[in-house]
Amino acid sequence: MNGSRRPKVAFVTTLDTAILHDDFDHPFHVEAFAAAGIDLEPAAWEDPAIDWEAFDLVVVRSPWNYVDRLNEFRQWMRARRTLTTVHNSVDLIEWNLDKRYLAQLAAAGVSVVPTTYASDSEELRAALESVTSAQVIVKPSISAGSRLTGRFANGSAAAIELGERILAAGFTVMVQPFASSVDAVGEVGTVLIDGVISHSFRKGPLLADEGALRGGEYCEEVSAAELSDDERVLVIAVNEVVERIVRGQSWISPEAHLLYARYDIIRLDDGTPALLEAELFEPSLFLMVDPAAPARFVAAVESLLRKGGSYDEN
Ligand SMILES: Nc1ncnc2c1ncn2[C@@H]1O[C@H](COP(=O)(O)OP(=O)(O)O)[C@@H](O)[C@H]1O
Ligand SMILES: [Mg+2]
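Rules behind the numbers
- Residues numbered from 1 in each chain as written.
- Chains lettered and ligands numbered in written order.
- Predicted model: local features only at pLDDT ≥ 70, side-chain atom pairs only at ≥ 80, totals over all residues.
- Near = placed C-beta within 6 Å.
- Helix = DSSP H or I, 4+ residues; strand = E, 2+ residues; numbered from the N terminus.
- Nonpolar A, V, L, I, M, F, W, Y, C, P; charged D, E, K, R; others polar.
- Domains from an automatic or database assignment.
- Buried ≥ 20, exposed ≤ 12 C-beta atoms within 10 Å, placed from the backbone.
- Pairing = 2+ DSSP bridges.
- Core = buried A, V, L, I, M, F, W, Y, C linked by C-beta atoms within 7 Å.
- Contact = placed C-beta atoms within 7 Å.
- Axes fitted to C-alpha atoms, helices over the stretch in contact; angles between N-to-C directions.
- Left-handed = near helix turned anticlockwise from the far one by under 90°.
- Parallel < 35°, antiparallel > 145°, perpendicular 65-115°, else oblique.

**A closer look at the site of ligand 1**
Lining the immediate environment of ligand 1, one finds 21 residues, of which I137, Q176, A179, V182 and L206 sit closest. Among the secondary structure elements, those contributing two or more residues to the shell around ligand 1 are β6 (135-140), β12 (260-267) and β13 (273-279). Of the residues that constitute the shell around ligand 1, the class distribution is eleven nonpolar, five polar and five charged. Here the shell around ligand 1 gathers at least three residues from each of two domains, domain 2 (101-110 + 181-206 + 217-285) and domain 3 (116-177).

Take a look at the structure:
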């Protein structure tokens, strides 16, 4: 290490402890960082007293109340635009915040869940009319935790109602066919650390009919999963396109990879896998499904610290 100083890493989180209660990854991170001799400090993005420059690395992990305080969170990000220690970088986060990035990935050839975007009532009605599946999904393009997300019978008035609520809240509406495989097998998420696949997990279905959550509350059932061959091919293709976009914007240096990325895939009714979302800034990593994953994350952090000159292998 440089002199006697231990490297200091901030995990960007929130002051809202009720939200943090859901961060099942944190205990795994704490143990792995301690084992590596790195100081890990949770730091709330809303806390004005924090000196972000004092950290060797700032890892955005669980600022999960940002959806309620979007403007303030965006301000926080803008103020950190030149801080090269932030991972993934705030420009990348700004891009990833709004799921309209899916259209960009689709245009680049990635298989994405078919989506129509609506920014007014007329577009909303046209989008809902264009869906031919038995059920439709209506959700906002900026969201997390299935917020304002509903599943409806095709033609249901409640689908229009939810769409109008999303528009009234100032968001773009996404309309998708409901992929019926989600009821049986849920979705498969894959975490990449420093550009390499680390582990995959399966997340059970979240939505009941007509705009409700299964069991009436948001409840993620997660287990370890193996990717099938076609899912692996898709994950690698998605990551290549994402890294190409990110490098093209100079949000990472030409030879670097994203510190972390999570790609969630569902199977469409035609049997093919498609990307549901690419989570590049606040994903739960579900470290509990793979005992080796926390050390992989720390190794990637150490590599960034070395590049930043604040860490020497000893
Ligand atoms: N097109 C779809 N088909 C089937 N289920 C979907 C679809 N879109 C969303 N869902 C369900 O809703 C959940 C939340 O949607 P998602 O797009 O992952 O948004 P977020 O996780 O950002 O809230 C998913 O985990 C899945 O269970
Ligand atoms: Mg999701």
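**Quick word on the pairing of strand β8 (residues 173-177)**
The element β8 is largely enclosed, with a buried count of five among its five residues. Examined bridge by bridge, strand β5 (residues 116-118) and β8 share three bridges and lie antiparallel to one another. Counterpart to T116 in the pairing with β8 is V175. Relative to β8, β6 runs antiparallel, the two being bridged by five bridges. When the sheet's bridge partners are listed, V138 is paired in β8 with V175.

**Topic: the nonpolar core**
Ranked by size, the top nonpolar core spans 81 residues in total, and within it V9, V59, V136, V175, L275 and V301 carry the most contacts. No other element matches the seven residues that helix α10 (residues 293-307) contributes to this core. Ignoring anything within four residues of it in the chain, the contact list for V59 reads V9, A10, F11, V12, H87 and L259.

**So, the sheet that holds strand β10 (residues 196-203)**
Spatial ordering of the open sheet is given by β11-β10-β9-β12-β13, a layout of five strands whose pairing is antiparallel. Every interior strand has two partners, whereas the edge strands, β11 (222-225) and β13, have only one. Along the sheet, successive strands turn relative to each other by an average axial angle of 30 degrees, direction set aside. Two strands pair when backbone bridges link them, and strand β9 (residues 187-193) and β12 are joined in this way by six bridges, in the antiparallel orientation. The residue bridging I193 from the neighbouring strand is Y260, located in β12.

**Observations concerning the packing of helix α6 (residues 121-130) against helix α7 (residues 157-168)**
Contact geometry of α6 with α7 gives a least axis separation of 10 Å together with a crossing angle of 145 degrees. Considering how the two elements wind past one another, α6 and α7 form a crossing that is right-handed. Contacts from S121, L124, R125 and L128 in α6 reach A159, I160, G163, E164 and L167 in α7. In terms of residue class, the contact of α6 with α7 is made up of five nonpolar, two polar and two charged.

**Notes on the packing of helix α2 (residues 26-35) against α10**
The geometry of α2 relative to α10 is characterised by a closest axis approach of 9 Å and an angle of 55 degrees between their N-to-C directions. The angle between α2 and α10 falls in the class oblique. Remark: the crossing between α2 and α10 carries right-handed chirality. Touching F28, H29, E31, A32 and F33 of α2 are P294, A295, F297 and V298, all from α10. Of the residues assigned to the contact of α2 with α10, the class counts are seven nonpolar, one polar and one charged.

**Details of the environment of A261**
Looking at the secondary structure, you find A261 in strand β12. Taking the C-alpha atoms as reference points, A261 and E282, 21 residues apart in sequence, are found 9.2 Å from one another. Apart from the residues within four sequence positions on either side, A261 is in contact with L192, N239, V242, A278 and L280.

**Points about the domain arrangement of the protein**
For the protein, the domain assignment lists domain 1 (8-97 + 293-307), domain 2 (101-110 + 181-206 + 217-285) and domain 3 (116-177). For domain 1 versus domain 3, the distance between C-alpha centres works out to 32 Å. Between domain 1 and domain 3, the residue contacts involve four residues of the former and four residues of the latter.

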